[in-house]
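Descriptive analysis of the structure
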Amino acid sequence: MDHASVESEDRVILKPFILQLRSKGLYLIKGKSGSGKTTLIRTLLGEQPLTHGFIRVNPVLQDKVIFSYASQNTELFNTSIIDNVLYPLGVEESTAEKQENAKKLLQEFGFSSHAIFQEIEGIEQVLSGGEKKRIIFIRAILSEAPVLLLDEVTSNLDVQNENKMLAMIQKEAQKRCVILVTHREYDFGHSTIVYNVK
């Protein structure tokens, strides 16, 4: 992303921004509410056209699904928890290995082995905000996309689940590119590259 910016008729929504990503590593995108973090995400996902600047993609990744995205507002489906984390596939279409990985992650984040297979009608109302965040996070982790894009996934979590999530984020960053968008203060060490959206 080279000097990318987004403007409307009367204001600048995203000021000129430079973002360079490697195949592995943890990138922290920080900024206050209203600073343009959401717009930045939408430009990366191709949902928001740029007014100026451009985005260059490694030719190796052309025509491939680049991002696995865990957003703040992703909806869940009225089915089982494990089907939700295995989306777009389901239990029947997924490999045995992926099913086991899904079950292991769900149990690690506090979901019982019995509950994850139950069909849940009105799942958005039944589960808490923290439970939904954990499900969306696990769905993103299970994806094999080369870039993991996480938008405020650690907000409104209890300390135990937040720490589990942060440890998993660091582990994933050793295998692929991880972008964590947050307004919180985290210190992941010198290997983390921090960008501030102002």
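To be clear, the structure that these remarks concern was listed above.
We now turn to the structure provided with this report. Since the structure is predicted, the reported quantities are computational estimates derived from the model, not experimental observations.

Describing the packing of helix α5 (residues 129–142) against helix α6 (residues 159–172)
Two numbers describe how α5 lies on α6: the axes approach to 12 Å, and their chain directions differ by 15°. Considered as vectors, α5 and α6 are oriented roughly parallel to each other. By crossing handedness, the relation of α5 to α6 is classed as left-handed. Between α5, through Lys133, Arg134, Phe137 and Ile141, and α6, the contact on the second element is made entirely by Asn161, Met165, Met168, Ile169 and Glu172. Taken together, the residues of the contact of α5 with α6 break down into five nonpolar, one polar and three charged.

Quick look at the sheet that holds strand β6 (residues 147–151)
Taken together, the five strands give an open sheet; going across it, the order is β5-β6-β7-β3-β8, and neighbouring strands pair in parallel fashion. For this open sheet the edge positions go to β5 (67–70) and β8 (193–196), each flanked by a neighbour on one side alone. Adjacent strand axes in the sheet meet at a mean angle of 15°, parallel and antiparallel pairs treated alike. Two elements, strand β3 (residues 25–30) and β8, share four bridges in a ladder whose sense is parallel. Opposite Ile29, over in β8, you have Tyr195 as the bridge partner. Of the strands in this sheet, β5 and β6 touch α5, which is tilted by about 170° from β5.

Section: α6
Taking 1.5 Å per residue as the helical rise, α6 with its 14 residues ought to reach 20 Å, and the 20 Å between its terminal C-alpha atoms agrees with that figure. When α6 is considered as a whole, its buried residues turn out to be Asn161, Glu162, Met165, Leu166, Met168, Ile169 and Glu172. Projected down its long axis, α6 carries its buried residues within an arc of 165°, all on one side. Set apart from the buried face of α6 by more than 90 degrees, the exposed residues are Val159, Gln160 and Lys171. Check the buried side of α6 and you find it contacts β3, α3 (96–108), α5, β6 and β7 (177–182). One side-chain oxygen at the N-terminal end of α6 lies 3.1 Å from the backbone nitrogen of Gln160; it belongs to Asp158.

A short note on the pairing of β7
Counting buried positions over the six residues of β7 gives six, a clear majority of the element. Here β7 shows a buried face lined by Cys177, Ile179 and Val181 and a second buried face lined by Val178, Leu180 and Thr182. Relative to β7, β3 runs parallel, the two being bridged by six bridges. When the sheet's bridge partners are listed, Ile29 is paired in β7 with Val181. Direction of pairing for β6 relative to β7: parallel, over a ladder of five bridges. Residue Val147 lies in a different strand from β7, and its bridge partner there is Cys177. Running through α6, the crossover from β6 to the neighbouring parallel element β7 is right-handed.

Rules used throughout
Residues numbered from 1 in each chain as written. Predicted model: local features only at pLDDT ≥ 70, side-chain atom pairs only at ≥ 80, totals over all residues. Heavy atoms only, no water. Axes fitted to C-alpha atoms, helices over the stretch in contact; angles between N-to-C directions. Helix = DSSP H or I, 4+ residues; strand = E, 2+ residues; numbered from the N terminus. Parallel < 35°, antiparallel > 145°, perpendicular 65-115°, else oblique. Left-handed = near helix turned anticlockwise from the far one by under 90°. Contact = heavy atoms within 4.5 Å. Nonpolar A, V, L, I, M, F, W, Y, C, P; charged D, E, K, R; others polar. Pairing = 2+ DSSP bridges. Expected span 1.5 Å × (residues − 1). Buried < 20%, exposed > 50% of the residue type's maximum accessible area, 1.4 Å probe, protein only. Arc of directions from axis to C-beta. Polar contact = N/O pair within 3.5 Å; in protein donor to acceptor, adjacent residues only side chain to side chain. Right-handed = clockwise from strand over helix to strand, strands pointing away.

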